[in-house]
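What follows is each chain in one-letter form.
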Amino acid sequence: VFYSVKSNPAPPLLRTMLDHGIGLDVASAFDVVAGEAAGFPPERLTFCTKSPSPDDIAAALRCGTIVAGNAAQLTRWIQHGVSTMGLRVNPGIAAG
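Anyway, here's the lowdown on the structure attached to this text. (Residues numbered from 1 in each chain as written. Predicted model: local features only at pLDDT ≥ 70, side-chain atom pairs only at ≥ 80, totals over all residues. Heavy atoms only, no water.)

### Quick look at the overall build of the protein chain
Piece 1. What the protein chain contains, in helices and strands, is four helices and five strands.
Piece 2. Secondary structure of the protein chain in N-to-C order comes out as β-α-β-α-β-α-β-α-β.
Piece 3. Since a compact globule built from 96 residues should have a radius of gyration of about 12 Å, the 14 Å found for the protein chain is in line with a globular shape.
Piece 4. Dimensions of the protein chain along its principal axes, counting C-alpha atoms only, are 40 × 35 × 20 Å.
Piece 5. Counting only residues that meet the buried cut, the protein chain has 35% of its 96 residues in that class.
Piece 6. For the protein chain, the share of sequence-separated contacts (at least 6 apart) that also reach a separation of at least 24 residues comes to 20%.
Piece 7. Carbon and sulfur atoms provide 58% of the accessible area of the protein chain, an area that totals close to 5700 Å².
Piece 8. With 7 positive and 7 negative side-chain charges, the protein chain shows a spacing of 6 Å between the two charge centroids. (Helix = DSSP H or I, 4+ residues; strand = E, 2+ residues; numbered from the N terminus. Rg over C-alpha atoms; globule rule 2.2 N^0.38 Å. Buried < 20%, exposed > 50% of the residue type's maximum accessible area, 1.4 Å probe, protein only. Contact = heavy atoms within 4.5 Å. Areas by Shrake-Rupley, 256 points an atom, 1.4 Å probe, with all protein chains shown as cover. Lys, Arg positive; Asp, Glu negative; His and termini not counted. Charge placed at Lys NZ, Arg CZ, Asp CG, Glu CD.)

Here it is as structure tokens:
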């Protein structure tokens, strides 16, 4: 189970998540720093965002898992030395 930090990055809430074995879904450098400050180890931080800034990329490299959303992101993360990552797949199935 992973909690999305962008929904509420309050330190007491993040520490509660840590204490209960929950990981963090992080999408920015801010989210990574918040997770680290709360005591999360890298293996409990999963980074995923569509358009990471240079600061986001640097922070993502400290996370245990990086998720690529498309082929261009996959290539970019490989260029940054990431060898193990998740891949988001959208099968093109629309709702309704």
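### A word on the layout of surface pockets
Piece 1. Put simply, the largest pocket is a space of about 220 Å³.
Piece 2. Forming the boundary of the largest pocket are Ser-4, Lys-6, Asp-25, Ala-27, Asp-31, Cys-48, Thr-49, Lys-50, Gly-69, Asn-70, Gln-73 and Arg-88.
Piece 3. Of the residues in the lining of the largest pocket, the class split is two nonpolar, five polar and five charged. (1 Å grid on protein atoms, 1.4 Å probe; cavity = no way out; pocket = protein on both sides within 12 Å on 5 of 7 lines; lining within 4 Å. Points joined across faces, edges and corners; volume = space filled by probe spheres on them. Nonpolar A, V, L, I, M, F, W, Y, C, P; charged D, E, K, R; others polar.)

### Remarks on the sheet that holds strand S2 (residues 23-26)
Piece 1. Ordered in space as S1-S2-S3-S4-S5, the five strands form an open sheet in which the pairing is parallel. Each edge of the sheet is formed by a strand with only one pairing partner; in this case those strands are strand S1 (2-4) and strand S5 (86-87).
Piece 2. Of the pairings in the sheet, the one linking strand S4 (residues 65-68) to S5 comprises two bridges and is parallel in character. Residue pairing across strands places Val-67 opposite Gly-86, the latter belonging to S5.
Piece 3. Taken strand by strand, helix H4 (residues 71-79) contacts strand S3 (45-47) and S4, and its axis lies near 145° from that of S4. (Pairing = 2+ DSSP bridges. Axes fitted to C-alpha atoms, helices over the stretch in contact; angles between N-to-C directions.)

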